[in-house]
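Fold and contact review
Each chain is listed here by its residues.
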Amino acid sequence: MQQFFLRQGGLRRNLLFVREKGGYHPKNAEQLAEAYCMGALALPEEIAFEDHYIACARCAEIVENTALYVGAMQVAARRLREFVRGVERVETAVD
Ligand SMILES: [Zn+2]
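First, a word on scope: everything that follows refers to the structure included in this document. Just so you know, these numbers come straight off a predicted model, no measurement behind them.

This paragraph deals with the nonpolar core. One finds Ala 33, Tyr 36, Phe 49 and Val 63 to be the most contacted residues of the largest nonpolar core, which totals 14 residues. Considering each element in turn, this core owes the most residues, five residues, to helix 1 (residues 29-37). Filtering out sequence-adjacent residues up to four positions away, Ala 33 remains in contact with Ile 62, Val 63 and Thr 66.

What follows covers helix 2 (residues 43-53). Buried within helix 2 are the following residues: Ala 48, Phe 49, His 52 and Tyr 53. Projected down its long axis, helix 2 carries its buried residues within an arc of 120 degrees, all on one side. Of the surrounding elements, those touching the buried residues of helix 2 are strand 3 (23-26), helix 1 and helix 3 (57-94).

Here strand 2 (residues 17-20) runs beside strand 3; their pairing, made up of four bridges, is antiparallel. Along strand 3, the bridge assignment pairs Arg 19 with Tyr 24. Hairpin connection, strand 2 to strand 3: the antiparallel pair is bridged by two residues, and Gly 22 has positive phi, about 90 degrees.

Turning next to the environment of Phe 49. By secondary structure assignment, the location of Phe 49 is in helix 2. Here Phe 49 falls in the buried class, since 24 other C-beta atoms lie within 10 Å of it. On a C-alpha basis, the gap between Phe 49 and Leu 15 in space is 7.3 Å, while along the polypeptide they are 34 residues apart. Here Phe 49 is in contact with Leu 15, Pro 26, Leu 32, Tyr 36 and Leu 41, once residues within four sequence places are set aside.

Here the focus is the packing of helix 1 against helix 3. Close contact between helix 1 and helix 3 brings their axes to 9 Å; oriented N to C, the two are set at 50 degrees. Here helix 3 runs oblique to helix 1, going by the angle between their axes. For the pair helix 1 and helix 3, the sense of crossing is right-handed. Along the contact surface, helix 1 presents Ala 29, Glu 30, Ala 33, Glu 34, Tyr 36 and Cys 37, while helix 3 presents Cys 59, Ile 62, Val 63, Thr 66, Ala 67 and Val 70. Here the residues of the contact of helix 1 with helix 3 sort into nine nonpolar, one polar and two charged.

Criteria and cut-off values
Residues numbered from 1 in each chain as written. Predicted model: local features only at pLDDT ≥ 70, side-chain atom pairs only at ≥ 80, totals over all residues. Core = buried A, V, L, I, M, F, W, Y, C linked by C-beta atoms within 7 Å. Buried ≥ 20, exposed ≤ 12 C-beta atoms within 10 Å, placed from the backbone. Helix = DSSP H or I, 4+ residues; strand = E, 2+ residues; numbered from the N terminus. Contact = placed C-beta atoms within 7 Å. Arc of directions from axis to C-beta. Pairing = 2+ DSSP bridges. Axes fitted to C-alpha atoms, helices over the stretch in contact; angles between N-to-C directions. Parallel < 35°, antiparallel > 145°, perpendicular 65-115°, else oblique. Left-handed = near helix turned anticlockwise from the far one by under 90°. Nonpolar A, V, L, I, M, F, W, Y, C, P; charged D, E, K, R; others polar.

Just geometry here; none of it tells us what the structure is for.
This is the structure we're talking about:
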C-alpha cells in the first residue's frame, strides 16, 4: 500500500494519506473519524481531517455514519447509567 503525506496544503501534512479506490484518503479513515467524533484528535489533525472530508464524499459519509453511531452509543450509555442509578436507589430503599 502506497502511503504518504500530501504536500499540497500545509494542514494536510498532519495526516497520512493512502491511495484507495476513488482517490487519496487519510489512512485508517474509520478510526480517524471515530476519534474526530469523540473529540479525541489533536487540533492539527482535527483541522486537517476537516479540510479533507469537507471535499471528499467518501470520508464525509464515514464521518456522518460515525457521528450517528457515536451519538447512539452516548445515548445508550446515558440510559444505562440512569438505569443503574435507579436500581441502586431501589436497593438502598429496601436495605
Ligand atoms: Zn477521503
